Amino acid sequence: MACCHHYEFIEGNEQIFAVDPTAIRFGPGALKEIGHDAKELGLARVAVFSDKVVSRLEAMDTVKQALANSGVDFEVYDEVRIEPTDQSFNSGSRFASEGRFDGYISVGGGSVIDTAKAANLYASYPADFLDYVNAPIGEGRPVPGPLKPHIACPTTSGTGSECTGIAVFDLVSKQVKTGIASRRLRPSLALVDPSVTATLPAKVVAASGFDVLSHALESYTAAPFTRRKAAEQPVSRPMSQGANPWSDVGCVEALKRTGEFLVRAVRDSTDQEARHGMMYAATLAGIAFGNSGVHLPHGMAYSVAGMIRDYHPEGYPGDRPICPHGISVIVDAPSVFRHTAPADPTRHLESAGFLGADLSDAGENDAGEVLAGRIIEMMRETGMPNGLEDLGYGEADVPGLADGAWAQQRLLANSPVEVSPAVLAGLYLDARSYW
Ligand SMILES: [Fe+2]
């Protein structure tokens, strides 16, 4: 194993890592096979989750046609809210409970896939909403048993949600983003058809592409799984188990593709190689971070998105302020990686190289700066906001942002460096502007 030094054995610590991958079909035309896949999973009556925009796209027609051709009965729920909330999760769950479905299909971005996961959970094992939500915000109760089959069909090249056991939402009463995390939420099958990316707006490709970049980078630099105390029972081993030799494979490939294709995919919607390349990068990064977990940029992103007051990016619903997930993540990333580089300069420097940075004059002491510099360069080339100030945040917002991030203990546990509320506040201060 090339990375054996990274995963040094420490007496009393974990030596075992787990791999529970989602089945995947990847390639142009994959959606046309969904009727066959649904029947293979024994589905006769399914709920098809989507949102108002995606439900009008060709991808949705393809899915409906393929299900009809295979004689699979279905009902469409297109009320999914982009950046879902506890209320919108509850609405989806009610639809699922009342419809007596034997399986689920989600066609859309991360919001749609996550809503279908939650609907499947609450319809299968009804409970008070906060019971399954991550502690300390919710009770963090384990999911009692297997869920019904779920075929996830991503229509953006970003979240990787089709490969993960995580469902993210805004808890409106507390103005905080949090989630439900369990291996059992992982879709049974991911149908990834890159031809759906041809019609994506450039801003959506950019925001979701930076989510991919950060998934891969955070997984690759997460605290190694060997840093945790050995699990007393297999069941107590966390899903976000830390960097490990399996997740590393996906991270490296996803970073290389993101470095090569992200800027091209944003600039030219006809660059099929780049747009399909980003879709594959999203899938690879999803496999990786669904296995290892992410850390500080995602932990910090939740409050950045949750507290947004007046930001209306192109390509997203204009009826309310919204900070797309990928944007809320990447505005934090350069500040974070400058801070975390000393914990593992080799991996930070390697990552910069995978993303296309020139390392000819770079030494390990420069790792954080070189990596942050390459991310900032890509942000500028794709019209990303210049840090938190461009999203409308000032110094006075930092304590609130840091409190929100401190609540994300599941993600902070994966950080390669120790953090405290004061450290988080410092990271937000350093993320105010980059150029
Ligand atoms: Fe993400």
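What you see is a predicted model; the values in this text were computed from it and never measured.

This part takes up the nonpolar core. Membership of the largest hydrophobic core comes to 128 residues, with the highest contact counts inside it found for Val 46, Phe 49, Val 63, Ile 105, Ala 216, Met 278 and Val 304. Residues from two domains meet in this core; each of domain 1 (23–197) and domain 2 (200–429) gives at least three. Setting aside residues up to four positions removed in sequence, Ile 105 forms contacts with Ile 34, Val 46, Val 48, Phe 49, Val 63, Ile 151 and Cys 153.

Before going further, it helps to examine helix H4 (residues 110–124). The terminal C-alpha atoms of H4, which comprises 15 residues, lie 21 Å apart, in line with the 21 Å expected from a rise of 1.5 Å per residue. Across the 15 residues that make up H4, a large majority, 14, are buried.

Attention shifts here to the domain arrangement of the protein. Interface size, as often reported, equals the accessible area lost upon joining of the parts. Segmenting the protein into domains produces domain 1 (23–197) and domain 2 (200–429). Here domain 1 and domain 2 have C-alpha centroids that lie 24 Å from each other. Across the boundary between the two partners, domain 1 contributes 29 residues, which contact 35 residues of domain 2. Looking at the side of domain 1 that touches domain 2, the elements with two or more residues in it are strand E1 (23–26) and strand E7 (176–181). With four residues, E7 is the largest single contributor of residues to the side of domain 1 that touches domain 2. When grouped by side-chain class, the residues that make up the side of domain 1 that touches domain 2 number ten nonpolar, 14 polar and five charged.

Bringing the pairing of strand E6 (residues 166–171) into the picture now. A large share of E6 lies buried, amounting to six of its six residues. As paired elements, E6 and E7 share six bridges and run antiparallel to each other. By the bridge assignment, Val 168 is partnered in E7 with Gly 179.

What follows deals with the sheet that holds strand E4 (residues 103–108). An order of E1-E8-E5-E4-E2-E3 is seen for the six strands of this open sheet, with the pairing classed as parallel. Of all the strands in the sheet, just E1 and strand E3 (73–77) have a single pairing partner and so form its edges. Looking at each pair of strands side by side, their axes are set apart by 20° on average, direction ignored. Sheet analysis places strand E2 (residues 45–49) next to E3, joined by five bridges and oriented parallel. In the strand pairing of E3, Phe 49 is matched with Tyr 77. Relative to E2, helix H3 (residues 86–99) is tilted by about 165°, and along the sheet it contacts E2 and E3.

What follows deals with helix H13 (residues 398–406). Turning to H13, its buried residues number three or more, namely Leu 401, Ala 402, Gly 404 and Ala 405. Buried residues in H13, looked at end-on, bunch into an arc of 160°, giving them a common side.

Procedures and definitions
Residues numbered from 1 in each chain as written. Predicted model: local features only at pLDDT ≥ 70, side-chain atom pairs only at ≥ 80, totals over all residues. Core = buried A, V, L, I, M, F, W, Y, C linked by C-beta atoms within 7 Å. Buried ≥ 20, exposed ≤ 12 C-beta atoms within 10 Å, placed from the backbone. Domains from an automatic or database assignment. Contact = placed C-beta atoms within 7 Å. Helix = DSSP H or I, 4+ residues; strand = E, 2+ residues; numbered from the N terminus. Expected span 1.5 Å × (residues − 1). Nonpolar A, V, L, I, M, F, W, Y, C, P; charged D, E, K, R; others polar. Pairing = 2+ DSSP bridges. Axes fitted to C-alpha atoms, helices over the stretch in contact; angles between N-to-C directions. Arc of directions from axis to C-beta.

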